[in-house]
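Survey of secondary and tertiary structure
Below, each chain spelled out in residue letters.
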Amino acid sequence: MPALTTTSDGFLLHGAPFRIVSGALHYFRVHPDQWTDRLRKARLMGLNTVETYIPWNLHQPEPGTLVLDGLLDLPRFLRLAAAEGLHVLLRPGPFICAEWDGGGLPHWLAADPDMRLRSSDPRFTDVIDRYLDLLLPPLLPHMAAAGGPVIAVQVENEYGAYGDDTAYLKHLERSFRTRGVEELLFTCDQTDGDHLENGTLPGVLATGTFGSRVESSLRRLREAQPEGPLMCAEFWIGWFDHWGGPHHGRDTEDAAADLDRLLSAGASVNIYMFHGGTNFGCTNGANHHHAYAPTVTSYDYDAPLTESGDPGPKYHAFREVIARHAPVPDEPAPAPSPKLPPTTVELTHRTPLFALAAGPVHATDPVTADDLGQRAGYTLYRTTVPAHGPGLLHFAGGVGDRAQVFLDGAPAGVLERERHEEALPVHVPRPDAVLEVLVENMGRVNYGPRIGVPKGLLGPVAFNGAPLRGWDCHALPLDVAPTAGAPATEPVTTGPPCVQPAFHHGRFEVGTPADTFLSLPGWTKGQAWINGFHLGRYWNRGPQRTLYVPAPVLRAGGNDLVLLELHGTTAHRAHLTDTPDQGPSSP
């Protein structure tokens, strides 16, 4: 029998009345050495539960594998939650959305173009079952039935916004049950339109997702489910940002008032997000409604606990609201974490990116990054252009997602998927000039029908209508940045700026490691690593203007900073500051 059961209007935990007061905390968006700190702060705000997704694409980078270490050591995270006295809501998907790369679906699913994602197509359900065969055994000891913290497991995620394949949802329910999951199962869907009708499953608890209009949302949930607990499984108290857009926030008093309405109605809640964290590396997703819009590196979400783990205004306001309805620890609210003193880093060496390209795939026409087996990162394409003079380069099918074009090493222009660009006017300097196209995967779509759209060059390329044939295609995943001692590294001089993409290397000293924020005035676009830890993307397009550097990334003494700058720059310095800058807020 599951530890968490339902009555006609509420929950019982081990037979006693229980209200879930939860907050979202994604272990994969937080440095593992900070999990304990974030969980403690969740308890101190008054939460009795935390919720987390499970990103299939990172846990299973290739079929038949399972990664459970570092940022992905979910069993350790569950042990730490239990040690803090917190219960856990587990959301394994297989689709998670979460503004996460591909919504958590592995890129390698696209190897079968006929597979129907998120459906009862046996080709899809078979790979899910093989994944669950590997994922669930190490998690079962952490289920409440075995004395662990996990009291409920979600079936799919907001499925009613995508489809209505009940057979698919039933398959997932059976897959969890036959593999030993005894705990309460639930679905979650937006409460408007026909989402609840399409995404719910008989015998499985239905929950809603919304951020406002509490009374009407709970009413629609009750109409869809006449008996059982009322629960908002995602109570949206902030929002995420896209590159080139504003920084989103939500008024604290407004969010707190709606939280009070939820709890006053007797409902359970999962605050989304309690602590947003960071899209480290190349893990951010993207939306694609009218245009492609990639998500920024920060997932701060204007949450109660900021990206760097400091209590913000919502933390204190929510703590007061929760105290009216549930026990809150009789302990002081946590203080902000120490910050590193402002530090300037000199970038003294650089390594040209193109010099590191090796092992190309030769093809008549460009092949996609997916055909090269690459989840994230960059793809470099090389060929020659027989003709010379002015003309138009045409990229059939466009680019996925941002292409920088070079002729004989000189920048010739940029194409972007979000602008629906497929052609670029250029001047070819000579016959048989070398054409290089560097394509950045800016994040896979995480919501809607465009999930699974490929990356890289998406079709043949022509110059003035004449097809360009014979391409060298290089996968550049950039999982690890080169060191300053890598081949082709050279000292930075005061001469002309580097016009091609290059890694820039610098060293700086730290006394006592503490949280800090990387500021890059004068730099345009790229990636950043400190001591080999991939902080994520930067872009002067904003809104985000600093990258969060977790204290555990730093070490007392010498530290290494590496920037992959994609454009020419005369900048030779970076700055570590004690204040984050998420950019200007929306009105």
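Look above for the structure.
These numbers come from a predicted model, not from an experiment.

Cut-offs and rules
Numbering of residues begins from 1 in every chain and follows the order in which that chain's sequence is written. Reporting in this predicted model follows two pLDDT cut-offs: at least 70 for local features of residues, and 80 or more for side-chain atom pairs to be given and counted; totals over whole chains, interfaces and linings ignore these cut-offs and use all residues. Each side-chain value is worked out from all heavy atoms of the structure, with water and hydrogens disregarded. A run of DSSP states H or I qualifies as a helix once it reaches four residues; a run of E qualifies as a strand once it reaches two. Both are numbered from the N-terminal end. Each radius of gyration is computed over the set of C-alpha atoms, and the globule rule expresses the reference value as 2.2 Å times the number of residues to the power 0.38. Think of it in three bands: with a 1.4 Å probe and only protein chains considered, a residue is buried below 20% of the maximum accessible area for its type, exposed above 50%, and partly exposed in between. Strand pairing follows a simple DSSP-based rule, namely that at least 2 bridges must link the two strands. The angle between two axes is taken between their N-to-C directions and runs from 0 to 180 degrees, where each axis is a line fitted to C-alpha atoms and a helix contributes only its stretch in contact. Any two residues whose heavy atoms approach within 4.5 Å are treated as being in contact. Multiplying 1.5 Å by the residue count of a helix minus one yields the expected span of that helix. Any N or O atom pair separated by 3.5 Å or less is treated as a polar contact, with the protein-specific requirement of one donor-capable and one acceptor-capable atom, and with residues adjacent in sequence counted only for side-chain atom pairs. Angular relationships are summarised with four words: roughly parallel below 35 degrees, roughly antiparallel beyond 145, roughly perpendicular across 65 to 115, and oblique for the angles in between. Definitions for this section: a left-handed crossing has its near helix turned counterclockwise from the far helix by less than a right angle. A right-handed crossing has that turn clockwise. Handedness rule for crossovers: strands pointing away from the viewer, path from the first strand over the helix to the second running clockwise, crossover right-handed. In these notes, a set of buried Ala, Val, Leu, Ile, Met, Phe, Trp, Tyr and Cys residues joined through side-chain atoms within 4.5 Å is what counts as a nonpolar core. Pairing of aromatic side chains requires ring centres within 6.5 Å, counting the rings of Phe and Tyr and the six-membered ring of Trp. Pairs whose planes differ by under 30 degrees are stacked, by over 60 edge-to-face, and all others tilted. Charge-over-ring placement is defined geometrically: NZ (Lys) or CZ (Arg) within 6 Å of the ring centre, and within 35 degrees of the ring normal. By convention in these notes, a salt bridge is any Lys or Arg side-chain nitrogen within 4 Å of a carboxyl oxygen on Asp or Glu. Our working definition of a disulfide is a cysteine sulfur pair at a distance within 2.5 Å.

Secondary structure assignment for the protein yields nine helices and 34 strands. The C-alpha radius of gyration computed for the protein amounts to 25 Å, which stays within 12% of the reference 25 Å derived for 587 residues, consistent with globular compactness. Projecting the C-alpha coordinates of the protein onto the three principal axes gives extents of approximately 80 × 55 × 45 Å. When burial is assessed residue by residue, the protein has 59% of its 587 residues classed as buried.

Read from one edge of the open sheet, three strands run β1-β2-β3, paired in antiparallel fashion. Strands at the two margins of the open sheet, each flanked by one partner only, are β1 (4–6) and β3 (16–18). Looking at each pair of strands side by side, their axes are set apart by 45 degrees on average, direction ignored. The pairing of strand β2 (residues 11–13) with β3 spans three bridges and is antiparallel. By the bridge assignment, Leu13 is partnered in β3 with Ala16.

Let's shift gears to the side chain of Asn198. With respect to the secondary-structure elements, Asn198 resides in helix α6 (residues 195–199). Apart from the residues lying within four places of it in its own chain, the contact partners of Asn198 are Tyr159, Gly160, Gly163, Asp164 and Leu169.

The subject of this paragraph is helix α8 (residues 252–264). A rise of 1.5 Å per residue sets the reference length of α8, with its 13 residues, at 18 Å; its end C-alpha atoms lie 18 Å apart and thus fit the reference within 8%. Those residues of α8 that are buried are in contact with β9 (205–210), α7 (214–224), β10 (231–236), β11 (268–275) and α9 (313–323). Taking the backbone nitrogen of Glu253 as reference, a side-chain oxygen 3.1 Å away marks Asp251 as the first, capping residue of α8. Just beyond α8, the residue with positive phi is Gly266, at close to 85 degrees.

With antiparallel pairing, six strands are arranged side by side in an open sheet as β15-β26-β16-β22-β19-β20. Whereas interior strands pair on both sides, the edge strands pair on one side only; in this sheet they are β15 (361–363) and β20 (410–416). On average, each strand axis in the sheet is tilted by 20 degrees relative to the strand beside it, whichever way the strands run. Summarising the sheet, strand β19 (residues 402–407) and β20 pair through six bridges and their orientation is antiparallel. Looking across to β20, one finds that Val405 is bridged to Gly413.

Turning to the packing of α8 against α9, a few remarks are in order. One way to put it is that α8 packs onto α9 with a least axis distance of 9 Å and a crossing angle of 25 degrees. Accordingly, the angle class assigned to the pair α8 and α9 is roughly parallel. As for how α8 packs across α9, the hand of that crossing is right-handed. For the pair α8 and α9, contact is made by Thr252, Ala255, Ala256, Leu259, Asp260 and Leu263 and by Pro313, Lys314, Ala317, Phe318, Val321 and Ile322, respectively.

Next up on the list: the pairing of β11. In terms of burial, β11 is largely enclosed, as eight of its eight residues are buried. Relative to β11, strand β4 (residues 21–25) runs parallel, the two being bridged by four bridges. Directly across from Leu25, in β11, lies its bridge partner His275. Pairing of β10 with β11 involves four bridges; the strand directions are parallel. By the bridge assignment, Trp236 is partnered in β11 with Tyr272. Of the crossover connections in this fold, the one passing from β10 over α8 to the parallel β11 is right-handed.

Of all five residues that make up β4, five are buried, and the element is covered over most of its length. The two faces of β4 match: Val21, Gly23 and Leu25 on one face and Ser22 and Ala24 on the other face are all buried. A crossover links β4 with its parallel partner strand β5 (residues 49–53), the connecting element being helix α1 (residues 35–45), and its sense is right-handed.

Here we take up the nonpolar core. Counting residues in hydrophobic clusters, the biggest one holds 96 residues, and the most contacted among them are Leu90 and Phe124. With eight residues, the single largest contributor to this core is helix α4 (residues 122–139). Beyond its immediate stretch of four places on either side in the chain, Leu90 contacts Thr52, Ile54, Leu74, Leu78, Leu139, Met143, Val150, Ala152, Val153 and Gln154.

This next bit is on the packing of aromatic side chains. The final tally for this structure, using the stated rule, is 23 aromatic pairs. On the basis of an interplanar angle of 65 degrees and a centroid distance of 4.8 Å, the ring pair of Phe28 and Trp100 is categorised as edge-to-face. Taken together, the positions of Phe28 in the loop between β4 and α1 and Trp100 in the loop between β6 (87–91) and α4 put the pair 72 residues apart, joining distant regions of the chain. With a centroid separation of 6.1 Å and 90 degrees between ring planes, the pair formed by Trp56 and Trp108 is classed as edge-to-face. Residue Trp56 is located in helix α2 (residues 56–59), and its partner Trp108 is located in the loop between β6 and α4; the two are separated by 52 residues in the primary sequence. According to the relative accessible area criterion, Trp108 is buried, its value standing at 13%. In this structure an aromatic cluster arises from ring pairing among Trp56, Trp108, Phe124, Tyr131, Tyr159, Tyr162 and Tyr168. The cationic tip of Arg29 hangs over the ring face of Tyr299; the distance from NZ or CZ to the ring centre is 3.7 Å. Geometry around Phe95 places Arg118 over its ring, the cationic atom sitting 3.7 Å from the centre.

The next thing to look at is the pattern of salt bridges. Applying the stated criterion to the full structure yields 36 salt bridges. Residue Lys41 is joined to Asp37 by a salt bridge in which the shortest nitrogen-to-oxygen separation is 3.0 Å. Of this pair, Lys41 and Asp37 both sit in helix α1, four residues apart, which is roughly one turn of that helix. Look at Lys41 and you get buried, because its relative accessible area is 2%. The partner of Glu331 in a salt bridge is Arg43, and the shortest N-O contact between them spans 2.9 Å. Here the residue Glu331 occupies a position in the loop between α9 and β14 (343–352), and Arg43 occupies one in helix α1, the gap between them amounting to 288 residues. On the basis of relative accessibility, which here comes to 35%, the residue Glu331 falls in the partly exposed class. One salt-bridge network, in which partners are shared between bridges, spans Glu215, Arg250, Asp254, Asp258 and Arg261.

Moving on: the state of the cysteines. Inspection of every chain in the model, using the stated rule, returns zero disulfides. Among the cysteines around Cys188, which has no disulfide bond, Cys232 carries the closest sulfur, lying 9.1 Å off. The thiol of Cys282 is not disulfide-bonded; the next cysteine sulfur, from Cys97, is found 19 Å away.

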